[in-house]
Structures are given as C-alpha cells and as structure tokens.
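# Descriptive analysis of the structure
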Amino acid sequence: MNIVRIIKKAKERTAEDNRRLRGTVTEIIDSVCENGDAALKEYSDRFDGYVREELRVSRREIDEAYSKISKQELQDLKEACENIEAFARAQRESMSEVRDFSPAPGIFLGHRIIPVSSCCCYVPGGSYPLYSTALMLITPARVAGVRRIVACSPAVHGTGSIHYKTLVAMDLAGADEIYAVGGAQAIAAFAYGTEQIRPVDMIVGPGNKFVAEAKRQCYGQIGIDFIAGPSEVLVIADGQADPEVLAADLLAQCEHDPNAKGFLLATEESLANRVIEAVERELESLTTAGIARKSWEDYGEVVVVDSLKEAVDVANEYAPEHLEVNLEDPEQIIGQLENYGSLFVGGNTAEVFGDYASGTNHTLPTVRASRYTGGVWVGTFLKVCTDQRMTAEASGKIAPLVSRMARGEGLEGHAVAAEKRLR
C-alpha cells in the first residue's frame, strides 16, 4: 500500500494490563454470584457513592424524571425514538420465515424467526447521561418482540438515581424494568441473578473496559451483542470537503473518551493541513476540549493518500466503527467499502445524525470488529431456528444415505437410528 505521507501519526496503543483487568472482573463476578445484592450494594457504595435498598427504579421515580424534563427535550426524545423504531420495523419486515422448502420429494424444511425471551440493555452513565443509547437498545428489542426488556444504568455519583433524561428515554423506548446499577457487577447480576434481579438471556450495550470484560467473561451464560472498545471515526475526503466540517466530525468522536480515535484520509495535502488547523481552532472554544484534545493529540491521525483506491484499502483494513465518505462523487467507491459499523455518505450526512436521531443504530462494533459483525439491530434480538418434517417415503429414501455416511464416520448409533426408519 503506497501511502504518500502521514501528516499526523497516532500514538501506538499500549497493551493494557489485561491480566489485572481479567482478575479484577473475575473477583467482581464471583462476589456477585456468592453474595448477591449485598455485593451490588457494596460496589455501589464504593463506585457510585450511594447505596440503594431497592435496586429497581420505581414508577414514582420515573414520574419524577418526567417532571424534570422540558417539553422540548421530551419532544426531541419522542421524535428520535420514532425514527429509530421506523427503521427497526423496516429491518424486521425485511426478514422472512421459510416454510415447506423441499430439497427432495417428501422433505419439508423451514425456519422460524423467534425473539429472545429477555434481554438487559446496559446504558452507560460515566461522563455523560447517554440517554440516546437507551433509545438505540430498547427500541429494536421491543420491535423484535422481546417479552421482558430490562434496562440498567449507573446512578449519578452520590445521588442513587439514574439521570432523569436517561430514565425518561428508557421508559419512552419501552423498558419493562429499570435498575439503578452499573459496572461489571451489573453484568454479573443480570447474567446470574441476585435476590432482587432475575437473570436475562442476553445483554447488549456499550460500557467501560470493566463492563466489556464482564460481558466477555459472562458470554455463554448469556448472549451478548459484541465487546466494544473506544469510539472511532474514519473520514475519507477530497478537496471539495469543508475543513471546518471535517474538523467538527473528528472532534465529535474525540470528545467521547481520551482513548477515542479520529482518522482522516485526505486526497490532498493542503486539505489535510487545513483540517489540522481547523481542529486547533475548534479546540480553543470547545467545552469538552479537555477530553477531545487528549484524544486528538494521542490518537488523532491524518494521512494523505495517492488515490481513492488506497483510501478504500486503508478503510477496509482499519474496519472503523463509523465511516464517513465526504467526496464530490462518493458513489464511485461505496461498493468497494466492506468493513465498517455504519456508513455516512456525502458531506450533508454527519455521523452525529446517526448518533441521535436519523434512525440507524449507534451501538456499533469497534477495534476492527466490523470485519465480522455489524452493529445492534432488530436482528440482534432474534433467533433463526430451523425445522424439518418428512413423509414415510422420504424417510425411507434418505435413510440409506445417512446410514452410509454415519458408518463412514464410525458412528454406528447414528446409522442404526437412520436404519430404523427402513422398517
């Protein structure tokens, strides 16, 4: 790959002390399994500065949250939720059951699309109240038909309460139960259960490294969406792109986390330099500059490519969470792009629109996971389960074939089970 010039190089990510992280999370999971609610309250006291006797959020608390939210904020949440739901329904309608497919006379095959029975939607608290994530997780679960949708989020430090906007978003989206608990201990509780928490079949949603590691360790006991890392955006841009717009899109990701990554692939060196200058100007006034500057300085990257083919090659290799194509003619490369969590085509299509309200899901694969999976969608909560039935004639016809194959593998019991159908 012939990259002409790296204008700004990202710092190499150092390997975290994974052994220590794994050990810490294992201790938390074991403690929750052994001590139940007592462990959850201990961790809430230690990490959130408050102990709740009742972990489940009451209807009264939810109603109080509604009393705090403005009419405009409530309307905004409703409008975003409507767009997310509309797209989730379109996705669901694109999936079809298969009935009575017949590969040979008398053999009838099919599959059903069945929602998981229960799920937990983990909504991070952390630095910001990420109420948009509540909409993104709960809405497609509801459209999929999940019977029991649980939501959880850490309490705002020292209050014992989930942020009021997050509570309203959880309720609007359709959560059946809401719990004020977060961190690795929440993942353990919903995987294995405690006195107050009934376990679920699947846990979805982003979180910090402890939450991600807990999902990894609990996978198998419960299903998960994927293991998420720091947010990232890769932008492919040519000379027609507005440097101020590109800078804003890069910093929108950088402000998430000091470990987030903004990556620009420019076709012109002059554009690359103008974007770097625009980033510095915006950082002078951005209220989140403390986080965004750290992220940009450590992990921001600007590369000039010799051709759009090279840009495509780099993007497919990097497999970003968000991929923006800000080109005069973006369609010339869209069909060649294969690895991304979500794609944003043209200068009018800001990545942040997808973060909040356009309708696609913002819970997306990071750290190159888009090589093998897409983001959360209505299908995340659905199982495709096959079935088959046969006539006596078809059973007798296929039995010798199966018998021969089974004996060829040395599995006589399989062969006998097939041969019994010959009588």
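Everything numeric here is computed off the predicted structure, so don't read it as measured data.

The secondary structure content of the chain amounts to 16 helices and 14 strands. Counting only C-alpha atoms and orienting by the principal axes, one finds that the chain spans roughly 85 × 60 × 45 Å. Relative to its full complement of 423 residues, the chain shows a buried share of 49%. Residue pairs at least 24 apart in sequence account for 73% of intrachain contacts in the chain once pairs closer than 6 positions are excluded. Only carbon and sulfur atoms are counted for the fraction: they give 49% of the accessible area of the chain, which is about 20,500 Å². Taking the 45 positively charged and 63 negatively charged side chains of the chain as two groups, their mean positions are separated by 8 Å.

Another aspect to go through is empty space enclosed by the protein. Applying the stated criterion across every chain, the model contains two cavities of 30 Å³ or more. Reported here for the largest cavity is a volume of approximately 50 Å³. In terms of lining residues, the largest cavity is bounded by S44, D48, Y50, R52, L55, A155, G160 and A180. Residues of the lining of the largest cavity, tallied by class, amount to four nonpolar, two polar and two charged. When its volume is computed, the second largest cavity comes out at roughly 30 Å³. Along the walls of the second largest cavity sit G205, P206, G207, V211, A212, K215 and A228, which together make up its complete lining. Here the lining of the second largest cavity is composed, by residue class, of four nonpolar, two polar and one charged.

Moving on, we come to the domain arrangement of the chain. By convention, interface size is frequently given as the accessible area that disappears when the constituent parts associate. One can read the domain layout of the chain as domain 1 (17-224), domain 2 (230-372) and domain 3 (391-420). Here domain 1 and domain 3 have C-alpha centroids that lie 46 Å from each other.

Criteria and thresholds
- Residues numbered from 1 in each chain as written.
- Predicted model: local features only at pLDDT ≥ 70, side-chain atom pairs only at ≥ 80, totals over all residues.
- Heavy atoms only, no water.
- Helix = DSSP H or I, 4+ residues; strand = E, 2+ residues; numbered from the N terminus.
- Buried < 20%, exposed > 50% of the residue type's maximum accessible area, 1.4 Å probe, protein only.
- Contact = heavy atoms within 4.5 Å.
- Areas by Shrake-Rupley, 256 points an atom, 1.4 Å probe, with all protein chains shown as cover.
- Lys, Arg positive; Asp, Glu negative; His and termini not counted.
- Charge placed at Lys NZ, Arg CZ, Asp CG, Glu CD.
- 1 Å grid on protein atoms, 1.4 Å probe; cavity = no way out; pocket = protein on both sides within 12 Å on 5 of 7 lines; lining within 4 Å.
- Points joined across faces, edges and corners; volume = space filled by probe spheres on them.
- Nonpolar A, V, L, I, M, F, W, Y, C, P; charged D, E, K, R; others polar.
- Domains from an automatic or database assignment.

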